[in-house]
Amino acid sequence: MEIWIYFTLLAAFMQAVRTAGQKKLSGHLNSMATTSVRYVYALPFAWGYLWWLLEYRAVEIPKLNIPFIQYALLGSVAQIIGTACLITAFRYRNFSVATSLAKTEAVQIAIIGATVFSSPLSRWGWVSVIVGVLGVIIVSKVKFNYNDLFKNPGAGFGLASGLGLAITMLLVRESSLALNTDLMVSAAVTLVFMVTVQSVLSLSYVALQNCSQLPLMLKYWRVCTFVGLTSVIGSIGWYTASSYQNTAYVKALGQIEFFITLFITYRIFKESISKMEYLGMFLILLSVFILLLWA
């Protein structure tokens with residue numbers, strides 16, 4: 001298999017694990033503090049990974065150019081907004097609707113990438129993305145109605161989260177390619193730059209908005225460290241995969257995260273799987289086969 005596939009599967013698995021940690025943490029911290037934890041506690045691991053990679057690949061750290069800085073700064077802000085919207089969506093009624101709408105990120109990446117970043121998909125690529133999103137929505141066991149879509153604020157936060165994270169991943173790819181160096185190294189530099197910026201921005205906001213959250217970020221350091229570590233490993237996967245391949249294809253394959261989440265849940269709690277959930281899982285796997293075989 002191509003290298004981007006391995007990194008995408010790594011990212012999908014770690015994101016499924018991290019989401020569980022973030023959801024638990026959101027019961028102790030507010031939305032922005034929970035978001036900040038993802039970056040602040042990931043920062044030492046990100047710098048350590050870059051240092052190791054430079055030694056391992058025997059490559060000098062590239063010089064940062066203006067296009068890289070512009071893309072990376074915009075991506076940093078977009079990811080903070082997208083993550084905060086997702087965590088906020090957890091707090092609203094019928095959050096499953098909100099989180100499912102957030103998973104339209106793959107479709108939004110395909111549309112924005114094709115129209116803004118000149119990264120069109122093949123016909124089978126579009127089929128893979130759409131089939132995968134349908135599978136995710138079915139697995140989520142979501143029943144959309146008028147109130148959910150138009151009167152539930154969580155739905156709006158879900159869509160906003162998908163948009164923010166879609167823009168982030170597209171800008172990650174542009175940032176990495178702008179460095180014109182070894183792709184694994186450029187992905188790591190992009191990761192370190194963005195996580196550093198995000199740590200400063202989010203921590204400053206928390207300090208100004210509600211400084212009482214800062215001691216809590218230390219009090220729950222075990223869960224925070226878990227979220228930070230799983231976040232950075234997942235980000236290494238996403239950033240590296242997106243540096244090697246069209247971001248829409250990466251996210252299309254990454255939708256297998258929902259399959260992994262469901263599988264882990266049922267293995268742990270021994271719950272039965274409904275026919276509709278089997279259908280959703282089948283569509284997710286079908287989208288992956290379409291992507292890998294024909295797109």
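Read on for a plain summary of the structure. (Residues numbered from 1 in each chain as written. Predicted model: local features only at pLDDT ≥ 70, side-chain atom pairs only at ≥ 80, totals over all residues. Heavy atoms only, no water.)

Side note on the pattern of salt bridges
Summed over all chains, the structure comprises 1 salt bridge. A salt bridge links Arg57 to Asp182; the shortest N-O distance between them is 2.8 Å. A residue pair is termed long-range when its members are at least 10 positions apart, and Arg57 in helix H3 (residues 43-57) and Asp182 in the loop between helix H9 (153-178) and helix H10 (183-209) qualify at 125 residues. A relative accessible area of 23% places Asp182 in the partly exposed class. (Salt bridge = Lys/Arg side-chain N within 4 Å of Asp/Glu carboxyl O. Helix = DSSP H or I, 4+ residues; strand = E, 2+ residues; numbered from the N terminus. Buried < 20%, exposed > 50% of the residue type's maximum accessible area, 1.4 Å probe, protein only.)

Brief notes about the nonpolar core
Most often, soluble globular proteins keep nonpolar side chains buried together rather than apart. With 71 residues, the main nonpolar core has Trp4, Val37, Phe68, Leu191 and Tyr239 as its most contacted residues. In terms of residue count, the dominant contributor to this core is H10 (12 residues). With sequence-adjacent residues up to four places away left out, Val37 is seen in contact with Leu25, Leu29, Ala42, Met217, Cys224, Val227 and Gly228. (Core = buried A, V, L, I, M, F, W, Y, C linked by side-chain atoms within 4.5 Å. Contact = heavy atoms within 4.5 Å.)

A few points about a nonpolar patch on the surface
A contiguous nonpolar surface patch, about 690 Å² in accessible area, is contributed by Trp124, Val127, Leu285, Phe289, Leu292, Leu293 and Trp294. Elements represented by at least two residues in the nonpolar patch include exactly helix H7 (123-139) and helix H15 (275-293). Among the elements that line the nonpolar patch, the one with the most residues is H15, at 4 residues. By the secondary structure assignment, Leu285 is in helix H15. (Patch = residues over 30% accessible without salt bridge, like charges linked within 9 Å, V, L, I, M, F, W, Y side chains within 5 Å. Areas by Shrake-Rupley, 256 points an atom, 1.4 Å probe, with all protein chains shown as cover.)

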